[in-house]
Amino acid sequence: MSLSAVHGTLSSLKSCQADIGTGMDIVTDVAMDLAEAPDEEADQGIKKMEAMILECAKLDREINYFVDIVQQVTSEVNTQQPEAMFGLSDKVKERFTERISKLSDGELQNHQKVVAFKENVKNSFNQAKQESVENPEQLDEDIAVTQSQVNFSCPLTQVVMVNPMKNKKCNHHYDEAAILGLIKTKQSQKKNCRCPVVGCGNTDVRQSDLIPDQILRRRIQSQKRHGSNRT
Ligand SMILES: [Zn+2]
């Protein structure tokens, strides 16, 4: 196996990983639908979805470690003689097995998409409960949409968010690409990333504080649909 073949495989693994991420978002979406109309069957469904999410998180984590180790091992042989290529796959296997054996399933609970799953399902459930108490007759999505319309734009880009992320520390929202870009820029300047929302006291926004807010994303999408119907 040549190094370029290795790199090709790594990049297809990466795109596979992106698909896993999309799959996890879809599963979360379905679980949110179930949580909006809770009954025993929905409960069972949500449990199954949670198990799926955990499986995906595990796979995602393993791909991360695998890619990491392959990169490590190949960079080591890069500097050596071509003969070193022969032991490559054994070396990767050995290190991967060792690393994986040290991992615990408990850590998966901290996987960003697992956190997002739990948070979004819980919020959907609470929201449905609240709505049925407040106005059992009138579940008009339009009302909710107009009320929160103001919050749909990203404080960084000033345009409507595509992938809203909620900061669990200060509860502000930003679009994923914009906030990750800002964090990266600040990191390269060795500065803390302040929350870009005017008046917010959060001076240290970290990637680990951000949770994808699928409820908000749904509202934005539903507003877009309604909006395009009106025009
Ligand atoms: Zn903030």
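Our subject is the structure listed above.
Predicted model only: the values in this text are computed from it and were never measured. Sequence positions are assigned chain by chain, starting from 1 and proceeding in written order. Residue-level local features of this predicted model are given only where pLDDT is at least 70; pairs of side-chain atoms are given and counted only at 80 or more, and the full residue set underlies all totals for whole chains, interfaces and linings. Side-chain numbers here rest on the full set of heavy atoms in the structure, without hydrogens or water.

Sites may look incomplete, because water is not among the atoms used; the donor set itself consists of N, O and S atoms within 2.8 Å of the metal (3.2 Å for Na, K and Ca). Those protein atoms acting as donors to the zinc ion are Cys170 (SG), His172 (ND1), Cys195 (SG) and Cys200 (SG), and they sit at 2.0 to 2.3 Å. Metal-centred angles of 103 to 119° between the four donor atoms at the zinc ion mark the site as tetrahedral. Between consecutive donors of the zinc ion, the numbers of intervening residues give the motif C-x1-H-x22-C-x4-C. Note that histidine 172 is positioned in the loop between strand E1 (164–167) and strand E2 (173–175) and cysteine 200 in the loop between helix H6 (176–188) and strand E3 (210–212), a separation of 28 residues in sequence. The cut-offs for exposure are 20% and 50% of the maximum accessible area for each residue type, with area from a 1.4 Å probe on protein chains only; residues under the lower value are buried, those over the upper are exposed, and the others partly exposed. The partly exposed category is assigned to histidine 172, whose relative accessible area is 23%. Note on geometry labels: four donors, all angles 85 to 135 degrees, give tetrahedral; four donors become square planar and six octahedral when opposite donors are over 155 degrees apart and every other angle is between 65 and 115; remaining cases are irregular. Counting from the N terminus, the helices are DSSP H or I runs at least four residues long and the strands are E runs at least two residues long.

The patches reported here contain residues having more than 30% relative accessible area and no salt bridge. Joining distances are 9 Å for like charges and 5 Å for nonpolar side chains (Val, Leu, Ile, Met, Phe, Trp, Tyr). Here the accessible surface of atoms and residues is derived via Shrake-Rupley with a 1.4 Å probe, and residues count as covered only by protein chains that are part of the display. The salt bridge criterion pairs a side-chain nitrogen of Lys or Arg with a carboxyl oxygen of Asp or Glu, the two atoms within 4 Å. For this count, His and the chain ends are skipped, Lys and Arg are scored as positive, and Asp and Glu as negative. A charge is said to be at NZ when it belongs to Lys, at CZ for Arg, at CG for Asp and at CD for Glu. A cluster of like negative charges, contributed by Asp39, Glu40, Glu41 and Asp43, occupies part of the molecular surface. Within the fold, glutamate 41 resides in helix H2 (residues 40–78).

Only buried Ala, Val, Leu, Ile, Met, Phe, Trp, Tyr and Cys residues count toward a nonpolar core, and they belong to the same one when joined by side-chain atoms within 4.5 Å. Core analysis: the biggest nonpolar cluster contains 25 residues, and Ile53, Phe117 and Val121 have the highest contact counts within it. Only helix H1 (3–36), H2, helix H3 (88–101) and helix H4 (112–134) provide two or more residues apiece to this core. Among the elements that line this core, the one with the most residues is H2, at ten residues. The contact criterion used throughout is that any non-hydrogen atoms of two residues lie within 4.5 Å. Beyond its immediate sequence surroundings of up to four residues, phenylalanine 117 is in contact with Val27, Thr28, Ala31, Ile46, Met49, Glu50 and Ile53. Cys170, Cys193, Val205 and Leu210 belong to the second largest nonpolar core, which has 16 residues in total.

One pass over the structure, following the stated rule, counts 13 salt bridges. Linking arginine 218 and glutamate 36 is a salt bridge whose minimum nitrogen-to-oxygen distance equals 3.4 Å. Taken together, the positions of arginine 218 in helix H7 (residues 214–230) and glutamate 36 in helix H1 put the pair 182 residues apart, joining distant regions of the chain. According to the relative accessible area criterion, glutamate 36 is partly exposed, its value standing at 37%. Put simply, lysine 118 and glutamate 50 hold a salt bridge, and the shortest N to O gap is 3.7 Å. Pair noted here: lysine 118 is in helix H4 and glutamate 50 is in helix H2, with a separation of 68 residues, a long-range link. When its relative accessible area of 26% is taken as the criterion, glutamate 50 is described as partly exposed. Counted as one network, the salt bridges with shared partners bring together Asp29, Asp33, Glu36, Arg217 and Arg218.

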